[in-house]
Amino acid sequence: MNPSFRERYGEWGIVTGASSGIGEAFAYALAARGMKPLLLARREEELHRVALAVKERYGIECGWLVLDVADHNFIERVMLACGDRDVGMVVGNAAYNPAGAFTDLSRSDLMRTLDVNNRANLLLAHAFLPRFKKRNRGAFVLVSSVEAFTGMPYSAAYSASKAYVLSLGEALWGEFSGSGVDVLTVVPGPTDTPLLASRKLKIKGMPARDVTEIGLDHLGKGPSVVPGALNRWSFRLLRRLPRRWIVKATGGAMKKIVADMRADKNNSETGK
């Protein structure tokens, strides 16, 4: 337990997309630092599993609420669930990633990408940052992606949405600097999550726990952080290369991933 962390920010920390992956890791990381997590996600069974794990591992109270941040009334439900809780941190982690050729995606896929990745984080910031500023303490954490650094073919909507998250977070860091409120955007590279596993990539993802620990340790130290030395090196390299080359290279890699995903789906459907 780290009572100073809780004293610095507050008693409760909200985490969206908390049923697996980076969101689940944030739930454990907050609890380990003495903050009570309030977990939000769509999948009730998985959300309940994480909440029980928090209580068993850390002996700390953990709240949870089943909701979809794409719903247009989600922010009202979140505020109602908070009640009189001393909420001192929000982690906007929920994300939707519909990989594929842009013209193959449905309109509902595109709108869900905007609602989950952008609209939800915007409304969370608008609801909680004024409260944090009024009390002169708090933290607002957004989770972006290294895809934010370049438009990625076959992941166009997702990479664009993550560029928005990074831009929003860094801008808010600038606005709230000196207010006692820490704003941070975490920019992970490939991470060991169920999503990465489902895409069967031949790369080793960074442990989600490491991503969250690096993120929380960076609060108050700058507008954004790229966890992992290799990821930071890759980012610095990408900035030096011609944009045309980067887009073509990442697009070629993503096109192959999408083709492999489609082949796996077809094989499973035909029983191969």
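Refer to the preceding data block for the structure.
Every chain is numbered independently, its residues counted from 1 as its sequence is written. The predicted origin of the model limits local features to residues at a pLDDT of at least 70 and limits the giving and counting of side-chain atom pairs to 80 or more, whereas totals for whole chains, interfaces and linings rest on all residues. With hydrogens and water stripped out, all remaining heavy atoms of the structure feed into the side-chain values.

Draft legend 1. The sheet that holds strand 2 (residues 36-41), seen in detail. Think of it this way: DSSP has to see at least two bridges between two strands before they count as a pair. For the purposes of this entry, the term helix denotes a DSSP run of H or I that reaches at least four residues, the term strand denotes a run of E that reaches at least two, and both are numbered from the N terminus. Taken in spatial order, the seven strands make up an open sheet running 3-2-1-4-5-6-9, and their pairing is parallel. Only two strands of the sheet have a single partner each, and these edge strands are strand 3 (63-66) and strand 9 (224-225). For strand 6 (residues 181-186) and strand 9, the ladder comprises two bridges, and the chain directions are parallel. If you follow Thr185 over to strand 9, its bridge partner there is Ser224. For this analysis, residues touch if any pair of their heavy atoms sits within 4.5 Å. The angle between two axes is taken between their N-to-C directions and runs from 0 to 180 degrees, where each axis is a line fitted to C-alpha atoms and a helix contributes only its stretch in contact. Helix 5 (residues 107-135) contacts strand 1 (12-16), strand 4 (87-92), strand 5 (138-143) and strand 6 of the sheet and is inclined by roughly 155° relative to strand 4. Its contacts with the sheet place helix 8 (residues 208-217) against strand 4, strand 6 and strand 9, and it is angled at close to 145° to strand 6.

Draft legend 2. Main features of the environment of Ser19. Tracing the backbone through its elements, the reader meets Ser19 in the loop between strand 1 and helix 2 (21-32). When the C-alpha positions of Ser19 and Trp64 are compared, they lie 9.9 Å apart, and in sequence the two are 45 residues distant. Those residues in contact with Ser19 that sit more than four places away from it in its chain are Glu24, Ala41, Arg43, Glu46, Leu47, Arg49 and Val50. Reaching out from Ser19, the side chain makes a polar contact with the side chain of Arg43 at a distance of 3.0 Å. Two N or O atoms form a polar contact when they lie within 3.5 Å of each other; inside protein one atom must be a possible hydrogen donor and the other a possible acceptor, and for residues adjacent in sequence the pair counts only when both atoms belong to side chains.

Draft legend 3. Highlighting the packing of aromatic side chains. Stacked, tilted and edge-to-face are the three classes applied to pairs of Phe, Tyr and Trp rings, where Trp contributes its six-membered ring and a pair requires centres within 6.5 Å; stacked means planes under 30 degrees apart, edge-to-face means over 60, and tilted covers the rest. Under the counting rule described, the total for this entry stands at two aromatic pairs. Aromatic pair Phe5 and Tyr9: ring centres 5.1 Å apart, planes at 65°, arrangement edge-to-face. With Phe5 and Tyr9 both in helix 1 (residues 3-9) and four residues apart, the pair spans about one turn of that helix. When the ring of Phe128 is compared with that of Phe132, the centres are 6.1 Å apart and the planes differ by 40°; the resulting orientation is tilted. Separated by four residues within a single helix, Phe128 and Phe132 lie in helix 5, roughly one turn from each other. Taking NZ or CZ as reference, Lys133 lies 5.9 Å from the ring centre of Phe176, over its face. Two limits define a charge over a ring: the Lys NZ or Arg CZ must be within 6 Å of the ring centre, and within 35 degrees of the ring normal.

Draft legend 4. Structural view of the environment of Leu105. Mapped onto the elements of the fold, Leu105 is located in the loop between strand 4 and helix 5. To sort residues, take the accessible area from a 1.4 Å probe on protein chains only and compare it with the maximum for the residue type: under 20% means buried, over 50% means exposed, and anything in between is partly exposed. The exposure class assigned to Leu105 is buried, which follows from its relative accessible area of 15%. Measuring from C-alpha to C-alpha, the distance between Leu105 and Tyr154 comes to 9.9 Å, with 49 residues separating the pair along the chain. Apart from the residues within four sequence positions on either side, Leu105 is in contact with Pro98, Ala99, Gly100 and Leu110.

Draft legend 5. The arrangement of the pairing of strand 2 in detail. Most of strand 2 sits out of view: six of its six residues are buried. Along strand 2, one buried face is formed by Lys36, Leu38 and Leu40 and the opposite face, lined by Pro37, Leu39 and Ala41, is buried too. Looking at chain direction, strand 1 and strand 2 are connected through five bridges and run parallel. Opposite Thr16, over in strand 2, you have Leu40 as the bridge partner.

Draft legend 6. The arrangement of the nonpolar core in detail. Buried Ala, Val, Leu, Ile, Met, Phe, Trp, Tyr and Cys residues that are joined via side-chain atoms within 4.5 Å together make up what is termed a nonpolar core. Grouped together as the largest cluster of nonpolar side chains are 35 residues, with contacts concentrated most on Phe5, Phe26, Leu39, Val54, Met89, Leu216 and Leu219. Secondary structure elements with two or more residues in this core: helix 1, helix 2, strand 2, helix 3 (44-58), strand 4, strand 5, strand 6 and helix 8. It is helix 2 that provides the largest number of residues to this core, a total of eight residues. If near-sequence neighbours (up to four positions away) are discounted, Phe26 is found in contact with Val15, Val91, Val141, Val143, Thr212 and Leu216. The next biggest cluster of nonpolar side chains, apart from the first, holds 31 residues, and it includes Ala94, Val116, Val165 and Val181.

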